[in-house]
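Listed here are the chains, written in short residue letters.
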Amino acid sequence: MSYSHQITFGNILRRLLFFFGLMVFVVAVSLPEANAAQRKRQFVKPAKSTTVAKRKISKTFVAVKRRSVVRAEAVPLRPSFGQVAGLHGAQDALDLKSSVALVIDQETSEVLFSKNDQAVLPIASLTKLMTGLVVSEARLPMDEVITISQADVDTEKRSPSRLKVGTELSRGELLHLALMSSENRAAHALGRSYPGGMALFVGLMNAKARLLGMNDTNYVEPTGLSSKNQSSARDLAKLVNVAYGDATLRELSTSPAHQVAVGNRTLQYNNTNRLVKNPLWEIGLQKTGYISEAGRCLVMQTKIAGRKLIMVFLDSAGKLSRLGDAERVRRWVESIPVAAVPLAGAAAGERFVTSRQ
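Residues numbered from 1 in each chain as written. Predicted model: local features only at pLDDT ≥ 70, side-chain atom pairs only at ≥ 80, totals over all residues. Heavy atoms only, no water.

Novice: What should I look at first to understand the overall build of the protein in this one?
Specialist: Tallying secondary structure elements over the protein gives nine helices and 11 strands in all. Taken across its 357 residues, the protein has 46% of its residues classed as buried. Split by element, the accessible area of the protein, about 18900 Å² in all, is 58% carbon and sulfur. (Helix = DSSP H or I, 4+ residues; strand = E, 2+ residues; numbered from the N terminus. Buried < 20%, exposed > 50% of the residue type's maximum accessible area, 1.4 Å probe, protein only. Areas by Shrake-Rupley, 256 points an atom, 1.4 Å probe, with all protein chains shown as cover.)

Now the structure itself:
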């Protein structure tokens, strides 16, 4: 082999060795990065699958939760006595939502509107109107301090109260809260602290009912939490008529709001009947009531179109429906002449007897 050929072959060999060395270097550098990338992909994949699994679990939980909420909302409330008796099937000219209604001209005793007015039903906190009447007519000292006791805690319906056991308030304050905001512990304390005790007080409530000719009425306690406190719209109209004559009951039942000092706190109470704040209404006396057995109830003495009226609404289905019924009656009274023929089964010229004294 000539010298020139040896040089050429050596150059080619060096280039091959250089190229081969370069390839080994590239592979040596790239391999760890590739392995790292592979490990990263393997690590990320499970993370994604875990996330998806979590999302699936979350969705499943939400779906179950939503279904349980729907089931809870679908559970029917306990029917009222009026619903069980089928009173809500009765139709009337004003399309009232209350199954029982009665509207009476207080001065002429004329029945303007009636609907199932002789049905005897639970009356809930309308009871407190008789409680207030018995307390007021006894002329007991209104500044006498009464302490809320464990006996005043509701074990019938377990209703809440902001008057804790040990709270001290005057009889006048308790009467105010019972009539205006339907405070159950306040009403119970009024009966419990009555001279002679609770049994005597309830006896006086029933005796007063008989005296007023309320023969469909029965009381077993002073709050209305018991469904055994029952009456008819006719009887309740008699009670409203008499209670309206008591200035204390008029003032306290129509008070829009009231504050009481309890220890170092001041408690704000509001009227359970929002109509007392409505400028379209002139209300002289009122009381609301509700337990599931009674539905929503309302009694009022009011003045509409120059006429003094007594309104009774019992067993209304819906939180605001009793107020809606009162509004429907008000608009109807404002639209009719004074000598109009009464509605819904009340005969023209029918008179409302307030008492059998």
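Novice: Looking at this structure, I do not really get the pairing of strand β8 (residues 265-270). What am I missing?
Specialist: Consecutive residues of a regular strand have side chains that alternate between opposite faces of the sheet. One ladder, built from six bridges, connects strand β7 (residues 257-262) with β8; its direction is antiparallel. Bridging across to β8, V260 finds its partner in L267. If you look at the hairpin formed by β7 and β8, you'll find two residues sitting between the two strands, and G263 has a positive phi there, around 65°. (Pairing = 2+ DSSP bridges.)

Novice: Sorry, what's going on with unusual backbone geometry here?
Specialist: With glycine set apart, most residues show a phi of negative sign, and most peptide bonds adopt trans. Of note in this structure, R139 is not a glycine but carries a positive phi near 55°. For R139, the location among the structural elements is in the loop between α3 (127-137) and β4 (145-147). Of the residues examined, R139 reaches a relative accessible area of 64% and is grouped as exposed. One non-glycine residue, R158, lies in positive phi territory at about 55°.

Novice: Is there a simple way to think about the sheet that holds strand β11 (residues 307-316) in this case?
Specialist: Hydrogen bonds along the backbone pair up the strands of a sheet, which may run parallel or antiparallel. Across the sheet, five strands lie side by side as β2-β1-β11-β10-β9; this open sheet has antiparallel pairing. Edge positions in the sheet fall to β2 (111-115) and β9 (283-291), since each has one partner strand and no second. Each strand of the sheet is rotated relative to its neighbour by a mean of 10°, with strand direction disregarded. Looking at chain direction, strand β10 (residues 295-304) and β11 are connected through eight bridges and run antiparallel. Considered in β11, the bridge of K303 is made with K308. (Axes fitted to C-alpha atoms, helices over the stretch in contact; angles between N-to-C directions.)

Novice: Explain the pairing of strand β1 (residues 98-105) to me, please; I cannot follow it from the model alone.
Specialist: In terms of burial, β1 is largely enclosed, as eight of its eight residues are buried. With seven bridges joining them, β1 and β11 adopt antiparallel strand pairing. Looking across to β11, one finds that A101 is bridged to F313. Note: β1 against β2, four bridges, orientation antiparallel.

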